[in-house]
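Listed here are the chains, written in short residue letters.
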Amino acid sequence: MTALPTAGPSERAQRYALIDCDVHVIPPSVEALLPYLADNWREYVTHTAFKGAGETSYPKNVATSARPGTAPPNGVPGSDLAMLREQVLDADGLERAILTCTYAVESIHNPDAAAAMAAAVNDWQIAEWLDKEPRLRASLVVPSTQPELAAREIERVGGHPGFVQVFLPVRSEAPYGNRRYHPTLEAAARHNLAAGIHFGGSPGNPPTPSGWPSYYLEEYVDMASIFQSQVLSLIAEGVFERFPTLRVTLIEGGFTWLPAWMWRIDKEWKGLRREIPWSRRLPSETIREHMRLTIQPVDAPADPRHLQQIIASLGSDDLLLYASDYPHQHAAPAGGTPSGQPAVDDSLGLILPETLGRKISAENARAWYRNL
Amino acid sequence: MVLAQEAPRVAQRTAVAAIDCDIHITTPKHETLSKYMPARWRRHHETFGLRGHSGAGYPRMNPNAARTDSWPPNGKPPGSDLPFLQYQLLDTWGLQYGILNWTIGAGAQLNQEYGAALARAANDWQIEEWLEPEPRLRASLVVPFEDGELAAAEIDRLGDHPGFVQIILIARTAEPLGRRKYWKMYEAAVRHDLPIGIHFGGAGGSAITGAGWPSYYYEDHAGMPPSLQTQLVSFVCEGVFEHFPTLKVVLIEGGMAWLPPLMWRLDRAWSLLRDEVPHLKRLPSEYVREHFWLTTQPMEEPHGRREFHQFLEHLDMNDRLMFATDYPHWDFDAPDAALPARLSPELERMIMAENARALYHL
């Protein structure tokens, strides 16, 4: 990789094909879901205090939750197709965008209500987004705390060619390697859908091993450590030995922590692997084969050279997937890149070699997701 | 890590003076502490015993999590016999000093009055059986840390004893350690110029991950850094160091390679969310580099030596890394083999001894 100050615009400045692996949509209100609910649930929403999932991991007016200018008139960011076309698909010249919907199904404790709302959100994604815009693909929303029901929802709509992934909030009641979640993971693998573990979630249990922190800043920062626990669980439980075609995408949780995490869990595996005898390979090898990570937030160091070193320490050019995380906002990388650089370079604040730049921009996603 | 100790391999390396910042001791038996308790708590100690947050156990892959050769010939548990510890650790490796970190669990007692009595007994036993007979040893003060006032009382009782150089807490607590319920304890720590040590382990009532209970000891053990990460983030975000500008915190046995990416993430997020924490006057990483120390064992081992040097550059805390063996535990780091890359003689001296000497006034 070339250090920033010495690299100028060049023939690489031409745009690479770009696939955005984290673009958010959200139903603007529970009313938007009514057409997709059965009569009994429509009646329940209309006449009781139940209005679907009310929780969110994105406080409304917080800088990280939405960029300025992304809210439609009288609406919430990520709820309007025309704006999404203008601000993301067209503006970035995207070949494809993969929708992630953070509708907090996991916060609904009534299992049937959770399943009904998840199904409604998926039918809404099909009707309002996938059917209308061929550049879009989407992530299936499932009642993640009820794996049997989640598997049933994957059976119901997993064959739809617009879905490429099952959405799982990184905050869960148990780590996703736990065998209670096998029905969900099995159904995802069978339908050739990735399991996308994503920032946030409201399952009710505390987000740290020491209870509830005071500030959203802590909740946000600590989220990366929950990704670490999930990665370790998937390795320890032998999920990829059981489902050899399963692929797990880690979305919106950063990636700079991964090299250090691989160093640690590889070393400890050498000392403790007789406890998990189904695990026959170094965890880092399994991670490189079965996991991918989106690049926003970058969590960039002040010195871009350090970020180059971290990317090299991933040990593979295949792991990173371009993502804008629209409409969420993240801090810009230090320094910035000269004008005319590909979007991926701007995002990372680095001039990437072209082969790596093309991989992160689109090729890795094409190899990872079905039907792109 | 070594399961059983070999002879020191490189004479030149062992010639480097070493200070071991993480040694574990335990009583030969539960009743050992009875005589250090008043009758009311002696009865409780022998009748009810320790009661913490149950259901948090992950059986170790070795009895007592100990090296197979660390059981003293007299049959007592590893770390309970001073002469054997002197022979196997202090003399064999020529250690200048060793810091005892006793994770007895006093702080996590559901009955906090009993936890306070247990802490007092534990500290009096450490003085009598370890500090007074062995001048190379220093100890960490055991405190009932879930109650800030009870903890402060114990710090005031023994904080000026020259053998105690630190206050010992554990990584998993009832609440994140930056929260105000713990501040009386920090006030007392600062008063006595004692660093706060946060050690691997514990159970504070929450599942041991932010996503519930994992299944295996491998996850319990390898999965410890998230606990220390959230504690560090809590200390910084709550503004503890604005209130206690001289407070020092040592993260013990939780690794260290996770810290540079965490500082990057914290600084970046703070740049957008700082409205929420107006009490922070500086970049979060500046508080980290000013107030935190880390012990080396168990050290993440990069796949290449170059990456270890890169890590040190990313961390930029050469004066804050302190060697530790974690004796008598199974993943013991020997002084001649602990560092995964050749460092400059000066940096090696700092990590092996000088940083600890400066922090603990040894």
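Because the structure is a prediction, the values reported are computed rather than measured. (Residues numbered from 1 in each chain as written. Chains lettered and ligands numbered in written order. Predicted model: local features only at pLDDT ≥ 70, side-chain atom pairs only at ≥ 80, totals over all residues.)

Quick look at the overall build of chain B
The criterion, for reference: By definition, any uninterrupted DSSP run of H or I lasting at least four residues is a helix, any uninterrupted run of E lasting at least two residues is a strand, and each is numbered from the N terminus. All radius of gyration figures rest on C-alpha atoms, and the globule criterion is 2.2 Å times the number of residues raised to 0.38. Field definition: a residue is buried when 20 or more other C-beta atoms are found within 10 Å of its C-beta, exposed when 12 or fewer are, and partly exposed for counts in between, with C-beta atoms placed from the backbone. Here the contact rule is simple: place C-beta atoms from the backbone, and any two residues whose C-beta atoms are within 7 Å are in contact.
Secondary structure assignment for chain B yields 13 helices and eight strands. Radius of gyration (C-alpha) of chain B: 20 Å, near the 21 Å computed for a compact globule of 362 residues. Principal-axis analysis of the C-alpha atoms gives chain B an extent of 55 × 50 × 40 Å. Per-residue burial over chain B gives 55% buried out of 362 residues. Across chain B, the fraction of contacts at a sequence separation of at least 24, relative to all contacts at a separation of at least 6, is 82%.

Observations regarding the interface of chain B and chain A
Put simply, an interface is often sized by how much accessible area is lost when its parts join up. Contacts between chain B and chain A engage 58 residues on the former and 59 residues on the latter. Going through the elements one at a time, helix H7 (217–222), helix H8 (225–237), helix H10 (259–273) and helix H12 (305–315) of chain B are the ones with two or more residues in the side of chain B that touches chain A. Considering each element in turn, the side of chain B that touches chain A owes the most residues, ten residues, to H10(B).

Side note on the nonpolar core
The nonpolar side chains of soluble globular proteins are, as a tendency, buried together. We apply this condition: Note on terminology: a nonpolar core is a set of buried residues of type Ala, Val, Leu, Ile, Met, Phe, Trp, Tyr or Cys, with members joined through C-beta atoms within 7 Å.
By size, the foremost hydrophobic cluster in this structure holds 224 residues, and its most contacted members are A:Val105, A:Leu321, B:Ile155 and B:Met185. At twelve residues, the largest contribution of residues to this core is made by helix H6 (residues 216–236) of chain A. Beyond its immediate chain neighbours, meaning those up to four positions away, A:Val105 contacts A:Ala53, A:Ala114, A:Met117, A:Ala118, A:Val141, A:Val142, A:Pro143 and A:Ser144.

Re the sheet that holds strand E5 (residues 196–199) of chain B
Residue and element names in this part refer to chain B. Put simply, the rule reads: We call two strands paired when DSSP finds no fewer than two bridges between them. Where helices are involved, their axes are fitted lines through C-alpha atoms of the stretch in contact, as for all axes, and angles between N-to-C directions lie from 0 to 180°.
In space, the eight strands of this open sheet follow the order E1-E2-E3-E4-E5-E6-E7-E8, with parallel pairing throughout. Looking at the sheet topology across the chains shown, the edges are occupied by strand E1 (19–23) and strand E8 (321–322). Where strand E2 (residues 97–100) and strand E3 (residues 137–142) come together, three bridges link them in parallel fashion. By the bridge assignment for E3, leucine 100 is matched with alanine 139. Along the sheet, H8 contacts E5, strand E6 (249–252) and strand E7 (292–295); its crossing angle with E6, the most-contacted strand, is approximately 170°.

A short note on helix H4 (residues 147–157) of chain A
Considered for burial, the residues of H4(A) that qualify are A:Pro147, A:Leu149, A:Ala150, A:Ala151, A:Glu153, A:Ile154 and A:Val157. Looking at the buried side of H4(A), the elements it contacts are helix H3 (111–130), strand E3 (136–141), strand E4 (163–169) and helix H5 (182–190) of chain A.

Side note on the sheet that holds strand E8 (residues 320–321) of chain A
Picture the strands of a sheet paired through backbone hydrogen bonds; they go either parallel or antiparallel. Residue and element names in this part refer to chain A. In spatial order, the strands read E1-E2-E3-E4-E5-E6-E7-E8; together these eight strands make up an open sheet with parallel pairing. Two strands bound the open sheet, and with one partner strand each, they are strand E1 (19–24) and E8. Relative to E8, strand E7 (residues 291–294) runs parallel, the two sharing two bridges. Among the inter-strand pairings, threonine 294 is bridged to a residue of E8, identified as leucine 321.

Looking at unusual backbone geometry
Between A:Gln296 and the following residue, A:Pro297, the backbone shows a cis peptide bond with an omega angle of 0°. Position of A:Pro297 relative to the elements: it lies in the loop between E7 and helix H10 (304–313). A positive phi is found at A:Glu252, a non-glycine position, where the angle reads about 65°. Here A:Glu252 is to be found in the loop between strand E6 (248–251) and helix H8 (258–272). On the basis of neighbour counts, which here come to 27 C-beta atoms within 10 Å, the residue A:Glu252 falls in the buried class. Phi is positive for B:Ala65, close to 55°, though the residue is something other than glycine. As for its placement among the helices and strands, B:Ala65 is situated in the loop between helix H2 (39–47) and helix H3 (82–91).

A closer look at the pairing of strand E5 (residues 194–198) of chain A
Residue and element names in this part refer to chain A. The criterion, for reference: A crossover gets the label right-handed when its path from the first strand over the helix to the second runs clockwise, viewed with the strands pointing away from the viewer.
Taking burial as the measure, the five residues of E5 include five buried ones, the bulk of the element. Side chains of E5 alternate between two faces, with Ala194, Gly196 and His198 and Ala195 and Ile197 buried alike. Pairing between E4 and E5: five bridges, direction parallel. Each bridged residue has a counterpart across the sheet, and for phenylalanine 167 the counterpart in E5 is glycine 196. In terms of handedness, the path from E4 via H5 over to E5 forms a crossover that is right-handed.

Observations regarding the confidence of the model for chain A
We apply this condition: The pLDDT score gives, residue by residue, the confidence of the prediction method on a 0 to 100 scale.
Residue-level pLDDT values for chain A average 94, and 96% of them are 70 or greater. Predicted confidence is poor over residues 1–13 of chain A, with pLDDT under 50, and the contacts of this stretch with residues over four places away or in other chains come to 18 contacts.

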